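Commentary on secondary and tertiary structure
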Amino acid sequence: MKTPNKPIVLITAGPTREAIDPVRFISNHSSGKMGYAIAGAFLDQGFEVILVSGPVNISLSHSCLRVIHVNSADEMYAACQQYFHVAQITIFAAAVADYKPAQVHAQKMKKSAHEFNLPMVKNVDIAFEFGKIKRNDQVSIGFALETNDEEQNALKKLYSKNLDLVVLNSVQDEGATFGHDTNKITIINRDFLFQAYPLKSKAEVARDIVMAAIQLRQKQEIPIQA
Ligand code: CTP
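Scope of this entry: the structure provided in the associated data block. (Residues numbered from 1 in each chain as written. Predicted model: local features only at pLDDT ≥ 70, side-chain atom pairs only at ≥ 80, totals over all residues. Heavy atoms only, no water.)

So, the site of the ligand
Stated formally: We define proximity as follows: a residue is near a molecule or strand when any one of its heavy atoms falls within 4 Å of that partner. By the criterion applied in these results, polar contacts are pairs of N or O atoms within 3.5 Å in which, for protein atoms, one can donate a hydrogen and the other can accept it, and in which residues neighboring in sequence qualify only through two side-chain atoms. Secondary structure follows DSSP: runs of H or I at least 4 residues long count as helices, runs of E at least 2 residues long count as strands, and numbering of each begins at the N terminus. Under the scheme applied, nonpolar residues are Ala, Val, Leu, Ile, Met, Phe, Trp, Tyr, Cys and Pro; charged residues are Asp, Glu, Lys and Arg; polar residues are all the others, including Gly.
The local shell around the ligand holds 14 residues, among which Phe92, Ala94, Val124, Phe143 and Lys161 are the closest. Separating an oxygen atom of the ligand from a backbone N or O atom of Phe92 is a distance of 2.7 Å. One of the backbone nitrogen or oxygen atoms of Val124 is found 2.8 Å away from a nitrogen atom of the ligand. Of all the elements in the fold, those that place two or more residues in the shell around the ligand are α3 (126–133) and β9 (139–146). For the shell around the ligand, the leading source of residues is β9, giving four residues. For the shell around the ligand, the residue count by class is nine nonpolar, one polar and four charged.

Describing helix α2 (residues 73–83)
Quick note on the threshold: Per-residue accessibility, obtained with a 1.4 Å probe over protein chains only, is compared with the maximum for each type, and a residue is labelled buried under 20%, exposed over 50%, and partly exposed between these values. To obtain the arc, one takes the directions from the helix axis to the C-beta atoms. Contacts are residue-level and defined by heavy atoms, with any inter-residue pair within 4.5 Å sufficient.
Three or more residues of α2 are buried, namely Ala73, Met76, Tyr77, Ala79, Cys80 and Tyr83. Projected onto a plane normal to the axis of α2, the buried residues spread over an arc of 165 degrees and lie on a single side. The elements touched by buried residues of α2 are β1 (8–13), β2 (18–21), β4 (48–53), β5 (65–69) and α3.

Remarks on the sheet that holds strand β13 (residues 194–196)
This is how the line gets drawn: Any two strands between which DSSP finds at least two bridges are classified as paired. Fitted lines through C-alpha atoms give the axes, limited to the stretch in contact for helices. The angle between two N-to-C directions lies from 0 to 180 degrees.
Pairing in this open sheet of eight strands is mixed, and the strands run β5-β4-β1-β6-β9-β10-β12-β13 from one edge to the other. In this open sheet, the two strands that pair with only one neighbour each are β5 and β13. Looking at each pair of strands side by side, their axes are set apart by 15 degrees on average, direction ignored. Across six bridges, β1 lies against β4 in parallel orientation. Across the sheet, the residue bridging to Ile11 is Leu51, located in β4.

Remarks on the packing of aromatic side chains
Cut-off, in case you're wondering: In this analysis, rings of Phe, Tyr and Trp, with Trp reduced to its six-membered ring, are considered paired at centre separations within 6.5 Å, and the interplanar angle assigns stacked below 30 degrees, edge-to-face beyond 60, and tilted for intermediate values.
In the structure shown here, the tally under the stated rule is five aromatic pairs. For the ring pair Phe42 and Phe47, a centre distance of 4.9 Å and an interplane angle of 70 degrees mean the geometry is edge-to-face. Residue Phe42 shares its accessibility class with Phe47, and that shared class is buried. The structure contains a cluster of three or more aromatic residues connected by ring pairs, namely Tyr77, Phe84, Phe92 and Phe130.

A look at the layout of surface pockets
Rules: Whether a set of points on the 1 Å grid over the protein atoms alone is a cavity depends on a 1.4 Å probe fitting there but being unable to get out, while an open set qualifies as a pocket with protein on both sides within 12 Å along at least five of seven lines; lining residues are those with an atom within 4 Å of a point. Grid points are joined across faces, edges and corners, and a volume is the space filled by probe spheres set on the points.
If you add up the space inside the second largest pocket, you get close to 370 Å³. Listing elements by their share of the lining of the second largest pocket, those giving two or more residues are β12 (185–189) and α5 (202–221). Sorting elements by how many residues they give to the lining of the second largest pocket places α5 first, with seven residues. Of the residues in the lining of the second largest pocket, the class split is eight nonpolar, four polar and five charged.

Some thoughts on α3
Buried residues of α3: Ile126, Ala127, Phe130 and Gly131, and no others. Down the axis of α3, the sector holding all buried residues measures 135 degrees, keeping them to one side. Exposed residues pointing more than 90 degrees away from the buried face of α3 are listed as Lys132 and Ile133. Against the buried residues of α3 lie α2 and β6 (89–92). At the N-terminal boundary of α3, the capping side chain belongs to Asp125, with an oxygen 3.4 Å from the backbone nitrogen of Ala127.

Spelled out as structure tokens, the structure:
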């Protein structure tokens, strides 16, 4: 990196695309806006940012930003593996496809029968994998986009993926779903503290998340008194 003395943050953003054949893929509606807004907010705070991005219609450039463009979950995971160990903070903001086609067809699949079934296999859970090797001097934050049992599901993700904070989005909140320029979040920490924020622009929400991450990092750096 150009500025090795700056703290490094690793961010995943956007959707992933899982290929079916050379012309088709499975994906989701993630716009990447939240992940990119978080990248911008970390740059404003003087961080070196490594943004591993699925296909989105956003462009961001900055001398302290490296964007690594990927398509699939496997590619996103491989890119993160190169940088996770140097990142003080990692934000898992990508909407990673949970499943991928069991086989990528080399040729365009032709239609034949009336019905079509596509065998799928589970994708790598990137946040879960890095949760297994996270060090005590690293902070990681994940998202939980839920439609029901929001708090229980978010807490499950916080613990199963060994996150320090989980950012809960409820699909039931107007203005908080895919593609909007606004978001309404609740940040949950490992002491079961729930901090609910009002509906804000994604830039403002990004600042709130970045400040929460920086506060946690600062706590890690305070030496424990004997
Ligand atoms: N995540 C990830 N890799 C995956 C799936 C999710 O890194 N294969 C991360 C997301 O970036 C997010 C968190 O894990 O920070 C939770 O993602 P979400 O899609 O809400 O939940 P899942 O773990 O996929 O569970 P489910 O789809 O059953 O709600």
